[in-house]
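# Reading the structure
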Amino acid sequence: MEKDIQKKIDELLSKMTLREKIGQLNQPETPTADKIEEFKDMVRKGEVGSILMSCGATAGNDAQGAINVEFYNKLQRIAVEESPNGIPILFGRDVIHGHNTVFPIPLAMTASFNEELIEKSFMDIAKEASNDSIHWTFTPMLDLARDPRWGRIIEGPGEDPYLGARVAVAAVRGLQGNNVSDKDKILACAKHYIGYGASEGGRDYHRTEITDYSLFNYYLPAFKGAVDAGALTVMSSFNDVSGQPVTSSRYYLTEILRNKLGFMGFVVSDYDAVSQLKKQGVAQDEEDCADMSLSAGLDMDMHDSVYLNNLEKSVKEKRISEDIIDTAVRRVLYVKFKKGLFDNPYCEKKEINRISHFEDALKMAEESIVLLKNDNGLLPLKKDKKVGLVGPFVHERRSLLGSWTLDGKESETRNIYEAMREKAPGKIEGITGVGLGWDSSVRCMFESDVVVLCLGESWTATGEHRAVSDISLTDDQKMLIKKAKQTGKKTVGVLFCGRPIEMQGIADNFDALILAWHGGNMCADAVANIIYGDCVPSGRMPMTAVRKATHIPLYYNVTSSGRPVNCYYGENAGDCYVDSLATPYYPFGYGLSYTEFRYSDIRCDNPQLSVDNIKNGKKFILSVDVENIGEYNSKETVQLYINDKVASMMRPIKELKGFKKILINKGEKVSVKFELGYEELGFYLSNGEYTVEPGEFSVYIGKNSLTNRSITIKII
Ligand code: GLC
């Protein structure tokens, strides 16, 4: 910790009463009007370290009131001018993928494989949030997940730890910048630490079973990325890991997060998670909850006031030493000093030019969209074609914003009908097409040159507490697909979904298929740009799209079995289930373009290095030529995977260890170079020790996780 900050904290601590110290560890939510006076008294007494600027246990699902900057400045003035030590309040809010300007859901942003764009998006997000009294957001959500039934799959970075880590770094950099005390920067919060994405059955909040080997190699890397990028807060998760609630686990919150990853900031609980230890059956009463969580290394208690109501007694009865409280308070004060809160406690609202933010949101939406199918180059469409837009999403706005958009506005969100009509005036007819609208939808299809079915899932089927058992489209949407098929018209499908839905029986029936996600304010405009070729699609799947939900979990970075059942890679694919083919419908990293890229053989300048070479920083240098042999300038995400053929522990058949998204103009050939060294070629043992072992590696470079083009390198 910086010496000057250390000194200020020491001075403050020496003047604080025990109650005031505990107050810094207390995060109530914004009070309702009837409780505001009582709340102000708490602030005056120094009992409010932070305020959760939203209300309700699942804020992402409910409309939240707009932020009143003057209201929060007034509360802050009481804290600064009337509380015993004038410690400013830290204002936190769920600004997950946009504040006023809504960007695509984080899973979609991940699909862009474009870190610069992700970082820029979060810079815009921080600028708008900080202009609304927000010092701290509870994002990036970094829960690796393989089960699209889980509603929160939309909030995270998908199924790969390496991709998750790179997204984490981009988000933290965008939010915190190089100096988080800058007025237009806000504190990041890596959440939900740890293992929440492994909730059994995709059922939210459910138990998880995660070995340390899996934890270190799959679930932890994204958090390591965030911590290494300087994230100053972490949120602990609701779930237990193999019978141990994270909220009260010293092993996860201190031994791993602090002692192994070197995290220096503070840990905030999830909403009421401290008091929920009783329900998890590890705490008798709220005193237990407080003692266990604080001792584990959980510094701030979100919403349930268990710390405020119990820790004084714990200290008086010597169940908890005041030193433990001091440690937690130091961490909170450290973050407040780093944020510059003592120097700039108030929000001076200014005019923000959001035009550039909408432009960035459009770019982000365009680069997150995945072209899944395009038979005979149906897309892009010519603008003289008569297009029949049919389906429940033709006039939809709200769902395009996705879940966790507390401050986004439908009124700032065009629907696909408006966006397409602007592109091709007089050529677009839009029919919602289900229920009573059957005849008009069929008529519309028959009268069109091309049918574009606008389908998807409601935003309310995604986000927190929104797990679904059926990840398919609704029956009426499936009926629309059938009717379109019967017309014999060329049909494009546009899926406005938060999660990758099951594709069997759906994707088969389209000539072209676009996964548009819940892509934010500019989602519809991005889709229209792609349909008419004003933008060439470049998104890639951040997680596997299964044929059927019954195949879940199905993910690419799986270890090999000794028997022929590696169906992900097609090995005896019929063996996984005797009644269905369980290969991925669309694999991790998959996505099409309007052009075609040809890859050369992989080259390696130095195919053999020693373990010592690697430990001393030497790297394998690999390269491949990628040529654009089609008709469109386009971005390609060149992906590098490894397979550690023989190791002391089983290693995945493929692991993403590099990707580069580059623009390659038509007719152009570029050489793409990768380096593989210590960071990429090792793995964690069950005790958390990182090891690089001698042996052969297959290195694959191609366009998605099923690429077979490889070369062998060797560590001796
Ligand atoms: C919720 C979520 C968490 C969110 C917090 C504050 O329950 O689990 O992601 O940041 O509470 O709203």
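This is a predicted model, so every value here is computed, not measured.

For the rest of this paragraph, the subject is the overall build of the protein chain. Secondary structure summary: the protein chain contains 21 helices and 27 strands in total. Taking 716 residues into account, the globule formula puts the C-alpha radius of gyration at 27 Å, and the protein chain, at 26 Å, falls close to it. In terms of overall dimensions, the protein chain has C-alpha extents of about 75 × 65 × 45 Å along its principal axes. Here the protein chain holds 716 residues, and 63% of them are scored as buried. If you take every contact in the protein chain between residues at least 6 apart in sequence, the share linking residues at least 24 apart comes to 77%.

Attention shifts here to the domain arrangement of the protein chain. Here the protein chain is partitioned into domain 1 (63-72 + 91-339), domain 2 (355-551) and domain 3 (595-715). Averaged C-alpha coordinates put domain 2 and domain 3 at centres separated by 34 Å. Residue-level contacts link six residues of domain 2 with nine residues of domain 3. Roughly 620 Å² of surface becomes buried between domain 2 and domain 3 when both sides are summed, with 42% attributable to carbon and sulfur atoms. Ranking the residues of domain 2 by area buried against domain 3 places E367, V536 and R540 at the top, with a combined share of 70%. Where domain 2 packs against domain 3, one counts three salt bridges. Of the charged contacts in the structure, one is a salt bridge between K635 and E367, with a shortest N-O distance of 2.5 Å. Residues that form the side of domain 2 that touches domain 3 fall into these classes: three nonpolar, one polar and two charged.

This brings us to the pattern of salt bridges. For the structure shown, the criterion picks out 56 salt bridges. A salt bridge links R149 to D147; its shortest N-O distance comes to 2.6 Å. Residue class for D147 comes out buried when judged on its relative accessible area of 8%. Members of the salt-bridge network, linked through shared partners, are E287, D291, K313, E317 and R319.

Attention now goes to the sheet that holds strand β2 (residues 50-52). A sheet is described by the order of its strands in space; here three strands give the open sequence β2-β3-β4, paired in parallel fashion. The open sheet has two edge strands, β2 and β4 (136-137), and neither has a second partner. Taken together, the two bridges between strand β3 (residues 90-93) and β4 define a ladder with parallel strand orientation. Bridged to R93 within β4 is T137.

Taken together, 14 residues sit near the ligand, with D94, R152, K191, H192 and D270 positioned nearest. The contact in question runs from an oxygen atom of the ligand to an N or O atom on the side chain of D94, over 2.5 Å. For the ligand, the accessible surface in isolation is 310 Å², of which the surrounding protein chains cover 100%. Class assignment for the residues of the shell around the ligand results in eight nonpolar, one polar and five charged.

As a further point, take the side chain of N73. In this fold, N73 is placed in helix α4 (residues 69-82). Judged by its relative accessible area of 16%, N73 is buried. Those residues in contact with N73 that lie beyond four places of it in its chain are Y346 and C347.

Right, let's talk about the sheet that holds strand β12 (residues 387-390) for a bit. If you trace the six strands from one edge of the open sheet to the other, you get β11-β16-β15-β14-β12-β13, paired in mixed fashion. Every other strand in the sheet has two partners, leaving β11 (370-374) and β13 (428-431) as the edge strands with one partner each. Taking the axes of each pair of neighbouring strands and ignoring which way they run, one obtains an average angle of 15 degrees across the sheet. Where strand β14 (residues 450-456) meets strand β15 (residues 490-496), seven bridges bridge the pair, whose relative direction is parallel. The residue of β15 that forms the bridge with G456 is F496. The strands touched by helix α18 (residues 475-487) are β12, β14 and β15; relative to β14, the strand with the most contacts, the crossing angle is about 170 degrees. Each of β14, β15 and β16 (512-515) is contacted by helix α19 (residues 523-531), which is oriented at about 150 degrees to β15, the strand it contacts most.

What counts as what
- Every residue gets a number counted from 1 within its own chain, in the order that chain's sequence is written.
- In keeping with the model being predicted, local features are shown solely for residues with a pLDDT of at least 70 and side-chain atom pairs are shown and tallied solely at 80 or more, while totals for entire chains, interfaces and linings include all residues.
- With hydrogens and water excluded, all non-hydrogen atoms of the structure serve as input to the side-chain values.
- In DSSP terms, a helix is any run of H or I states spanning at least four residues, a strand is any run of E spanning at least two, and both are numbered starting from the N terminus.
- Each radius of gyration reported is based on C-alpha atoms, and the globular scaling rule is 2.2 Å times the count of residues to the power 0.38.
- Burial classification: accessible surface area is computed with a 1.4 Å probe over protein chains only, and a residue below 20% of its type maximum counts as buried, one above 50% as exposed, and the rest as partly exposed.
- Residue contacts are counted whenever heavy atoms from the two residues lie within 4.5 Å of one another.
- Throughout, the edges of the domains are those of an automatic or database domain assignment.
- Two parts placed together each lose some accessible area under a 1.4 Å probe, and adding up what both lose gives the buried area.
- By convention in these notes, a salt bridge is any Lys or Arg side-chain nitrogen within 4 Å of a carboxyl oxygen on Asp or Glu.
- Each residue is assigned to one class: nonpolar for Ala, Val, Leu, Ile, Met, Phe, Trp, Tyr, Cys and Pro, charged for Asp, Glu, Lys and Arg, and polar for all the others, Gly among them.
- Being paired, for any two strands, means DSSP has found at least two bridges between them.
- Residues are classed as near a molecule or strand on a simple rule: at least one heavy atom within 4 Å of it.
- We call two N or O atoms a polar contact when they sit within 3.5 Å, provided that within protein one can donate a hydrogen and the other can accept it, with sequence-adjacent residues counted only if both atoms are side-chain atoms.
- Per-residue accessibility takes into account occlusion by the displayed protein chains alone, with areas from the Shrake-Rupley method and a 1.4 Å probe.
- Between N-to-C directions, angles cover 0 to 180 degrees, with each direction set by a line fitted to C-alpha atoms, over the stretch in contact for helices.

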